[in-house]
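Close look at the chain arrangement
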Amino acid sequence: YEIYQCDWSSDVCSSDLTVLFDLDGTLVDNFEAIHRCYDDVMSMMGLPGVTLEQIRRAVGGSVNVTVVKLAGEANAPTATRLFREHFPSVMFHGLRVYPGCRELLEALRARGVRTAVYTNKDDANSKKIMAHLGLDHLFDGIYGTNAHPWRKPQPEFTHFVLGSMQADARRTVMVGDSPFDIATARQGGLAAIHCVTTGSHTAEELAPHAPDTVHAGLAELGREVFGLG
């Protein structure tokens, strides 16, 4: 299929399209490592442990936001420091790509579509994870937090990414798994936001935030949005 055969209007769905992908819960499953790190940090601080389900419900807004939910505001500065120190030693634990990830990225690249990782995960760790998985060459850029003063959904972060990629917001779409990604696309003036339910939220939970489309996974998204066989 040609990329313009997807179900959008032809002025958006074309070879000069840019696709921004969230990382955790969208392209990769890194929840086991995140859970292990937070659980270790809570133990170090003498706080109650956390479950994997708690982690899935809490993540998305960067470490600064998640630690407040898990450890409380008073403990957040220490928990944030400990998490950032500890995570590099466990970040490959249980790491895997979601089905259809590599195939979708390769197909988009073959059709001249520019792609980037756009995440609230630490910038350096995001790059290391993509390199570890052998996916880094499939992106024009990888953009995470701590290298810049913003986090999603702040429009300044989106504008920085678009500027770095020389991309037009009207020809850029976001793929994500959470309300943070939906808000990022809307506040950044992107052409569309397409969600997958592989991460933290179900289709029913995403619906009130009005994404353009919701899909069971990346393979389905590739077929239903980008017209990839």
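Everything in this summary refers to the structure shown in the same document. (Residues numbered from 1 in each chain as written. Predicted model: local features only at pLDDT ≥ 70, side-chain atom pairs only at ≥ 80, totals over all residues. Heavy atoms only, no water.)

**A few points about the packing of aromatic side chains**
Rules: Pairing of aromatic rings covers Phe, Tyr and Trp, the last through its six-membered ring, and needs centres within 6.5 Å; plane angles under 30 degrees mean stacked, over 60 mean edge-to-face, and all others mean tilted. The numbering of helices and of strands both runs from the N terminus, where a helix is a DSSP run of H or I of at least 4 residues and a strand a run of E of at least 2. Under the scheme applied here, a residue whose accessible area is under 20% of the maximum for its type counts as buried, over 50% as exposed, and between as partly exposed, the area being computed with a 1.4 Å probe on protein chains only. Here, a charge over a ring means that NZ of Lys or CZ of Arg falls within 6 Å of the ring centre while also lying within 35 degrees of the ring normal.
Inspection of every chain in the model, using the stated rule, returns six aromatic pairs. Taking 4.8 Å as the distance between ring centres and 90° as the angle between the ring planes, the aromatic pair formed by tyrosine 118 and phenylalanine 157 counts as edge-to-face. On the criterion of sequence distance, the pair formed by tyrosine 118 in strand 4 (residues 114-122) and phenylalanine 157 in helix 7 (residues 155-165) is long-range, its members being 39 residues apart. Where tyrosine 143 meets phenylalanine 160, the ring centres are 6.3 Å apart and the plane angle is 85°; that geometry is what we call edge-to-face. Placement of tyrosine 143 in strand 5 (residues 141-145) and of phenylalanine 160 in helix 7 is noted, with a sequence separation of 17 residues between them. Look at tyrosine 143 and you get buried, because its relative accessible area is 10%. On the basis of relative accessible area, phenylalanine 160 is assigned to the partly exposed category, the value being 28%. Connected via pairs of aromatic rings, a cluster forms that spans Tyr118, Tyr143, Trp150, Phe157 and Phe160. Its guanidinium or amino end placed over the ring of tyrosine 118, lysine 152 lies 5.4 Å from that ring's centre, counting from NZ or CZ.

**What about the packing of helix 3 (residues 63-71) against helix 4 (residues 76-86)?**
Here is the rule: Only the stretch in contact is used when a helix axis is fitted, and all axes are lines through C-alpha atoms; the angle between N-to-C directions ranges over 0 to 180 degrees. Should an angle fall under 35 degrees it is called roughly parallel, over 145 degrees roughly antiparallel, and 65 to 115 degrees roughly perpendicular, with every other angle called oblique. Handedness of a helix crossing follows the sense of rotation of the near helix relative to the far helix, less than a right angle counterclockwise being left-handed and clockwise being right-handed. Contact between two residues is taken to exist if any of their heavy atoms lie within 4.5 Å; hydrogens are not considered. Classes in brief: Ala, Val, Leu, Ile, Met, Phe, Trp, Tyr, Cys and Pro nonpolar; Asp, Glu, Lys and Arg charged; the others, Gly included, polar.
Put simply, helix 3 and helix 4 touch, their axes get as near as 9 Å, and they point 120° apart. Between helix 3 and helix 4, the angle falls in the class oblique. In terms of crossing hand, the pair formed by helix 3 and helix 4 is right-handed. Residues Val63, Asn64, Val67, Val68 and Ala71 of helix 3 touch helix 4, and the partners they reach there are Ala76, Ala79, Thr80, Phe83 and Arg84. Counted by class, the contact of helix 3 with helix 4 contains seven nonpolar, two polar and one charged residues.

**Thoughts on the nonpolar core**
Generally speaking, soluble globular proteins have nonpolar side chains that are buried together. The condition is simple: For this analysis, a nonpolar core means a set of buried residues of the types Ala, Val, Leu, Ile, Met, Phe, Trp, Tyr and Cys, connected via side-chain atoms within 4.5 Å.
In terms of nonpolar packing, the biggest core is built from 53 residues, with Val19, Phe21, Leu27, Tyr38, Met130, Phe139 and Phe226 touching the most fellow members. The dominant element in this core, judged by the number of residues it contributes, is helix 1 (residues 31-44), at seven residues. In this structure, Tyr118, Val161, Met174 and Leu190 belong to the second largest nonpolar core, which totals 17 residues.

**Observations concerning the pattern of salt bridges**
Put simply, the rule is: The working definition used for a salt bridge is a side-chain nitrogen of Lys or Arg within 4 Å of a carboxyl oxygen of Asp or Glu.
With the rule as written, the count across this model stands at ten salt bridges. Between lysine 127 and aspartate 123 there is a salt bridge, with its nearest N and O atoms 2.5 Å apart. Taken together, the residues span about one helical turn, with lysine 127 and aspartate 123 both in helix 6 (residues 123-132) at a distance of four residues. You can call lysine 127 partly exposed: its relative accessible area is 36%. Classification of aspartate 123 as buried rests on a relative accessible area of 9%. Note that arginine 186 is salt-bridged to aspartate 212, the shortest N-O span being 3.3 Å. Note that arginine 186 is positioned in helix 8 (residues 179-187) and aspartate 212 in the loop between helix 9 (203-206) and strand 8 (213-215), a separation of 26 residues in sequence. By relative accessible area, which is 39% here, arginine 186 ends up partly exposed. Overlapping salt bridges, with partners in common, bring together Asp22, Lys152 and Asp181 in one network.

**Observations regarding helix 3**
Note the following rule: It is the directions from the helix axis to the C-beta atoms whose arc is reported.
Turning to helix 3, its buried residues are Val63, Thr66, Val67, Leu70 and Ala71. Each buried residue of helix 3 sits inside an arc of 100° when the element is viewed along its axis, so together they form one side. Buried residues along helix 3 sit in contact with helix 1, helix 2 (52-58) and helix 4. The positive-phi residue at the C-terminal boundary of helix 3 is glycine 72, with phi of around 90°.

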